[in-house]
Amino acid sequence: MKRRLMALMLALCLLSGCAAGAAAPEHSGLKRYEASFLTLFDTVTTVVGYAESEEAFRETAQQFHDRLLEYHQLFDIYHDYDGVVNLKTVNDRAGGGPVEVDGRIIELLLFCRELSQLTGGRVDVSMGSVLSLWHEARQAGIDDPLGAALPDEGELAQAAKHTGLHLLDIDPDASTVRLTDPLARLDVGAVAKGYAVEQVCRETPAGLLVSVGGNVRATGPKPSGECWVVGVQAPDKGREDYLHTLYISDLSVVSSGDYQRYYTVDGVRYHHIIDPDTLFPAQQWRAVTILCPDSGLADGLSTALFLLPYEEGADMARRCGAQAMWVAHDGTMLYTDGFQQLVRT
């Protein structure tokens, strides 16, 4: 695997627990602080860390916010921003000439291409034409539950004809991107948030715990040397109901679940994770949680493994150096061998 790949709404709740064994004292003069933002990737971002003063922590947290905001605007497929050429721009110009973009978009799309190859096409950012039909139907169903309806199957089939990464031209030297089909659309929702978190965390001081809509990344242990503790929320339960709490110090924890974004049609719940083979929500699992150092890889794997049978998913996790947990529809939980070594409770 190339270096880029190796290097909830399921909530992954931030806890204040300690590592196994006797708790080490915190560094003298450091206090725990927490900051939250509502402006990034359409979700809640939380930064937790230790600093000598609130002012010092706020400066660190604001720097994290400002860097992640740049990625949020670049990777947005729904909104325009003054002076920003983003993925919405690329979609809007589909079928036209090359679009010169920021190098961070090039790097994201190259990562997505590798991830598609790695997952056998299970993670495919060219599925935008299909996903937009589900997005529109879901939003309409949420706004008007009594009138909720599924996307038309004929329209889904037609939209699927305008998918495939062969429709995406990337020229790293010229820093340009082009969709060759005027009806093709990019949707990087399965990857972008985790990828952006990873890029920013690589430039962020050690010893922070960040959560962006439940995509959790620790940039190292607490200053005392203790691990952070992260709770994985149980499906359909409250925020204090955990399947497990986990020890992490330099890992990402990312989950995908059928109860994150969904709507109901005739008493049946339809979630947002669409199988590219059926063009309908996948039915394999209720939730999948991934543990690995790279948040972008974890984000993509959580989607891929949600779409795959256990044996195939476990093999993929092993090849990627990741650990995983699956929650079946009957509540059964399955694990890769190394996952339980990080379980606290």
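Here is what the cut-offs are and how they apply
Residues numbered from 1 in each chain as written. Predicted model: local features only at pLDDT ≥ 70, side-chain atom pairs only at ≥ 80, totals over all residues. Heavy atoms only, no water. Helix = DSSP H or I, 4+ residues; strand = E, 2+ residues; numbered from the N terminus. Rg over C-alpha atoms; globule rule 2.2 N^0.38 Å. Buried < 20%, exposed > 50% of the residue type's maximum accessible area, 1.4 Å probe, protein only. Areas by Shrake-Rupley, 256 points an atom, 1.4 Å probe, with all protein chains shown as cover. Lys, Arg positive; Asp, Glu negative; His and termini not counted. Charge placed at Lys NZ, Arg CZ, Asp CG, Glu CD. Salt bridge = Lys/Arg side-chain N within 4 Å of Asp/Glu carboxyl O.

Q: What is the right way to read the overall build of the protein from this model?
A: When its secondary structure is counted, the protein shows nine helices and 16 strands. On C-alpha atoms alone, the protein measures out to a radius of gyration of 20 Å, which is about the 20 Å that the 2.2 N^0.38 rule sets for 345 residues. Its C-alpha atoms give the protein principal-axis dimensions of roughly 60 × 50 × 40 Å. Split into buried and exposed, the 345 residues of the protein put 54% on the buried side. For the protein, the exposed surface amounts to about 15,200 Å²; the carbon and sulfur share of it is 48%. Of the side chains in the protein, 28 bear a positive and 47 a negative charge, and the two mean positions are spaced by 3 Å.

Q: Please explain the pattern of salt bridges as it appears in this structure.
A: Pairing between side chains becomes possible if they bear opposite charge and their charged atoms approach one another. Taken as a whole and judged by the stated rule, the model has 16 salt bridges. Across the pair Arg 122 and Asp 277 runs a salt bridge, and its minimum N-O distance is 3.2 Å. Highlighted residues: Arg 122 in the loop between α4 (103–118) and α5 (128–143) and Asp 277 in the loop between β13 (268–271) and β14 (287–292), separated in sequence by 155 residues. A residue is classified by how much of its surface remains accessible, and Asp 277, at 58% relative accessible area, is exposed. For the salt bridge of Arg 318 with Asp 315, the shortest nitrogen-to-oxygen distance reads 2.5 Å. Of this pair, Arg 318 and Asp 315 both sit in helix α9 (residues 310–319), three residues apart, which is roughly one turn of that helix. A network of salt bridges, in which partner residues are shared, links Glu 198, Arg 202, Arg 217, Asp 250 and Asp 294.

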